[in-house]
Amino acid sequence: MSDVKAAETGAGPHGYAAARLRLLQQGAVLGPPRRAELARLTDRWLGSLLGGAHGVALVAVGGYGRGELSPRSDLDVLLLHDGTATGAELAAIADRVWYPVWDMGIALDHSVRTPVEARRTAAADLKVHLGLLDARHLAGDERLTAGVRTTAYADWRAQAPSRLPELRELGEERARRQGELRFLLEPDLKEARGGLRDADALRAVAASWLADAPRAGLGEARAHLLDTRDALHLATGRATDRLALQEQDQVAADLGLRDADALLHGVYEAARTVAYAADVTWREVGRVLRARSGRPRLRRVLGGRGGRGGFVEPERVPLAEGVVEQEGEAVLARGARPEHDPVLPLRAAAAAAQAGLPLSPHAVRRLAAAAGPLPVPWPAEAREQLLTLLGAGEPAVAVWEALEAEGVISRLLPEWEHVRCRPQRNAVHRWTVDRHLVETAVRAAGLARGVARPDLLLIAALLHDIGKGRPGDHSVAGEAVARDVAARLGFGRADTEVLATLVRHHLLLAETATRRDLGDPATVRAVIDAIAPAGKAAGREILELLHALTEADALATGPAVWSAWRASMVADLVRRATDALADGARGERREQVPPSGAHERAAAEALRTGGPVLTLRASPEGDASGRGSAPVGAELTVAVPDQPGVLPATAGVLALHRLTVRAADVRSVGGALVLTWRVAAEFGPLPEAAQLRDDLVRALQGTLDIVPRLAEREAAYSGRRRGAAHAPPRVSVAVGGSREATVLEVRAQDAPGLLHRIGRALEAAGVWVRSAHVSTLGSNVVDAFYLTQEDGSPLPDANAVALAEALEDVLARAGDGWDDAALEALRSLPAGE
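In this report, we go over the structure that sits alongside the text. (Residues numbered from 1 in each chain as written. Predicted model: local features only at pLDDT ≥ 70, side-chain atom pairs only at ≥ 80, totals over all residues. Heavy atoms only, no water.)

To continue, consider the overall build of the protein chain. Tallying secondary structure elements over the protein chain gives 33 helices and 15 strands in all. Counting contacts in the protein chain only where the partners sit at least 6 residues apart, residues at least 24 apart contribute 70% of the total. For the protein chain, the accessible surface area stands at approximately 35700 Å², while carbon and sulfur atoms represent 51% of it. (Helix = DSSP H or I, 4+ residues; strand = E, 2+ residues; numbered from the N terminus. Contact = heavy atoms within 4.5 Å. Areas by Shrake-Rupley, 256 points an atom, 1.4 Å probe, with all protein chains shown as cover.)

Rendered as structure tokens:
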């Protein structure tokens, strides 16, 4: 071939070099077209080098086989031969191809094999096998290439049950070594989790025919990572995959982006898409392989029936209204109607997180497509489900990210879009802004037992850095955003002010404790002035919340941020501020408002008939008919002549009927106990009031077996919450809570039958419940019980402390079933004498 012709076609070293240089320097061809054109130029050149040799084929494998050549990519090439050529002849052919490549300074990954050798090597080396899946013919005998490619695919599909776990382990090892791409300031675009290696692995999984990755956005994400790597190669002149800080401004400019932050934001978005697709795909692979390893489960088809000789459907265990567990995932129930149930996305997410289950990708996509907007302000159930999701702790992260992947979070909280994938150029920060907020909520869930308002703590944790990226101080900007979000979520004015204060001053304690003299009264005064403009009582609540938020924020930032020294300094500051606020702030707790006329009439009727009087009234959120797909809420009032066991009996009946207690109030009215409950059906319609009354009569008479039936439910509930771990319960005596009674405060994770367990324990201890105030805040309960001895006097201090410790022990054993030994220990307490 003449030099002129070689230059025109790109063949020959000089022609190829000139054509390659022109392609890389011109700005008209970028992205996938440039990579494909570079591959075409290289194909023609290498093909000309091979010439007309017989019984051999030149094959591109790996990234080059896919036609995706970046400016400094290696050339992965296989020289196939049929075994008829001598060793000297093969060496001459190889030298004819390899040396010009080396002379050009291009990295070359090469091998010479027969088809049999290629197959044997692939069987021993997973990476070789993956490369052959992308084999593409360049020159020579096409039959050799076609045969190797066909064999590679057939072997891959046959060996998938053993090869895919190996491929997954390779990815997990890379993640341990390189970290997660979307959280790194200097990420490796290829090796880090969510990078190009993971994207290529998804192609290999699809080739096995066992599972396929979610396709939405995956191609675009992969192309964006490749575009970024192309720009990095050109900016550095090297074959590097690490996006170093010093290169980011140039790479951003070459890609036409505003700055390095915009560059990282785009890379993080792409990595998030790849990582989520990998999570979903590997979960499906695991499900398929488990099904293959055991007895196949046949599905109901074409009207087939269950039972002997029929078809068996996968088990579907109810989790919440419209949500069931199936094959290790939370999925939508068959009767769910997201288009008529705007709370369903949050309810499904909360149920999945509390059960420690992933939320099915199909369910998320359906929710994203069909669920309508929430009314403003949010209904109480929506707010409670958000709190339940956040209160689940670590399992909430995967569920939250599944919602984010389909845009559900940004639709529920439009302000979230501003912090989504936002980088933090600070070495102490481990996460992007959005993930840091979720991680802070996870840490806050573990601290919820130490505050009186865990709901405000969780929302403040989720919003504390929401102002980042906005003009000015992010704390000041975040305060304004937090006010808007709190009002939309349905928080009242007072709670909104608390949330705004927490966001505005979330750095106050850490900065003051480590930078100011704690012995100077002015230091403590500055803290009090910032958090307690509305008064000392409100200031104490805010200080308690701010202390927990400070710890959660630090723990979610990075391992070096929250040390024992810093924790002790902050605790010392909080103690000093609490002492300063205590003056005049500790008044007697108001037990209850005077009974209403309806309560007095119900109490009088209960005393007249000698039995329970019960009324059930639908709340504004639902009606007692149970029509519609949203959980039905109601207010239940029960009046019973005062007698032992009323609280556990009533709570047990409600639990048996799958009624979730959102709030409750117990008071004594003229010789009767009046219990007011705000409840919601866990799923399905509300029970009939007459049915509740009949069961309550049986429970008070001792003929309704509440304990064993609840034990069965609790065992099933605990079994399906295998992935969730919560902070232990906390029971304490509220010093100064009342002059007339001992006030016991219980803070615990909500669970079916919890209030019944507490009531049984208090009954076993021989104390009288004079009144009670029960609050369920998302997944957390904060209850106050006003207790007396049988003669009506408060419990002695020592007895009260012993009772609190024993009750805490009973609640801590809740996951182990109904512990009669623990209840027997309560009966032996001095309080019961």
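Text resumes after the structure shown.
This part takes up the packing of aromatic side chains. Taken as a whole, this structure holds four aromatic pairs when the rule is applied. Here Phe 183 and Trp 431 contribute two aromatic rings whose centre-to-centre distance is 4.8 Å and whose plane-to-plane angle is 90°, an arrangement assigned as edge-to-face. Placement of Phe 183 in the loop between helix H9 (160-178) and helix H10 (196-208) and of Trp 431 in the loop between helix H18 (408-412) and helix H19 (433-446) is noted, with a sequence separation of 248 residues between them. Take Phe 183 and Trp 431: they sit in the same class, and that class is buried. Lying over the aromatic face of Trp 209, Arg 157 brings its terminal NZ or CZ to 3.6 Å of the ring centre. (Phe/Tyr/Trp six-rings, centres within 6.5 Å; stacked < 30°, edge-to-face > 60°. Buried < 20%, exposed > 50% of the residue type's maximum accessible area, 1.4 Å probe, protein only. Lys NZ or Arg CZ within 6 Å of the ring centre and 35° of its normal.)

Take the side chain of Thr 788 next. Positionally, Thr 788 belongs in strand S15 (residues 780-788). On the basis of relative accessibility, which here comes to 2%, the residue Thr 788 falls in the buried class. Those residues in contact with Thr 788 that lie beyond four places of it in its chain are Glu 740, Ala 741, Val 767, Trp 768, Arg 770, Ser 793 and Leu 795.

The next thing to look at is the pairing of strand S3 (residues 108-113). Pairing geometry for strand S2 (residues 75-81) and S3, over six bridges, is parallel. Within the sheet, the bridge partner assigned to Leu 75 lies in S3 and is Leu 108. Read from S2 through helix H5 (residues 87-103) to S3, the crossover connection turns out right-handed. (Pairing = 2+ DSSP bridges. Right-handed = clockwise from strand over helix to strand, strands pointing away.)

Reading across from one edge, S3-S2-S1-S4 is the order of the four strands in this open sheet, with mixed pairing throughout. Unpaired on one side and paired on the other, S3 and strand S4 (136-140) mark the two borders of the sheet. Strand-to-strand twist of the sheet, defined as the mean angle between neighbouring strand axes without regard to direction, takes the value 25°. In terms of strand pairing, strand S1 (residues 56-60) meets S2 through five bridges, oriented antiparallel. (Axes fitted to C-alpha atoms, helices over the stretch in contact; angles between N-to-C directions.)

Burial of strand S6 (residues 323-326) is two-sided: the residues Val 323 and Glu 325 facing one way and the residues Val 324 and Gln 326 facing the other way are all buried. Alignment of strand S5 (residues 316-320) against S6, held across four bridges, turns out to be antiparallel. Its bridge partner lying in S6, Val 317 is registered against Glu 325. Counting the residues between successive antiparallel strands, the hairpin from S5 to S6 contains two residues, one of them, Gly 322, with a positive phi of roughly 85°. Of the strand pairs in this sheet, S6 and strand S7 (residues 329-332) are connected by four bridges, and their pairing is antiparallel. The residue of S7 that forms the bridge with Val 323 is Leu 332. Hairpin geometry of S6 and S7 is characterised by an intervening segment of two residues between the two adjacent antiparallel strands and by a positive phi of about 50° at Glu 327.

Following both chains from N to C, one finds helix H7 (residues 126-133) and helix H8 (residues 142-158) inclined at 125°, their axes separated by 9 Å at the closest point. By the angle between their directions, the pair H7 and H8 is classed as oblique. With respect to the hand of their crossing, H7 and H8 are arranged in left-handed fashion. Residues Leu 126, His 129, Leu 130, Leu 132 and Leu 133 of H7 form the contact with H8, whose participating residues are Val 148, Arg 149, Ala 152, Tyr 153, Asp 155 and Trp 156. Looking at the contact of H7 with H8 residue by residue, the class counts come to eight nonpolar, one polar and two charged. (Parallel < 35°, antiparallel > 145°, perpendicular 65-115°, else oblique. Left-handed = near helix turned anticlockwise from the far one by under 90°. Nonpolar A, V, L, I, M, F, W, Y, C, P; charged D, E, K, R; others polar.)

A word on H19. End to end, H19 covers 20 Å across 14 residues, agreeing with the expected 20 Å (1.5 Å per residue, within 8%). Of all 14 residues making up H19, 12 are buried, and the element is well covered by its neighbours. Every buried residue belonging to H19 is among Val 433, Asp 434, Arg 435, His 436, Leu 437, Val 438, Glu 439, Thr 440, Ala 441, Val 442, Ala 444 and Ala 445, and all of these are buried. (Expected span 1.5 Å × (residues − 1).)

The residue Ser 208 is located in helix H10 in this model. In this structure the side chain of Ser 208 is engaged in a polar contact, spanning 2.5 Å, whose partner is the backbone oxygen of Val 205. Aside from chain neighbours lying at most four places away, what touches Ser 208 is Trp 156, Arg 157, Ala 160 and Leu 164. (Polar contact = N/O pair within 3.5 Å; in protein donor to acceptor, adjacent residues only side chain to side chain.)

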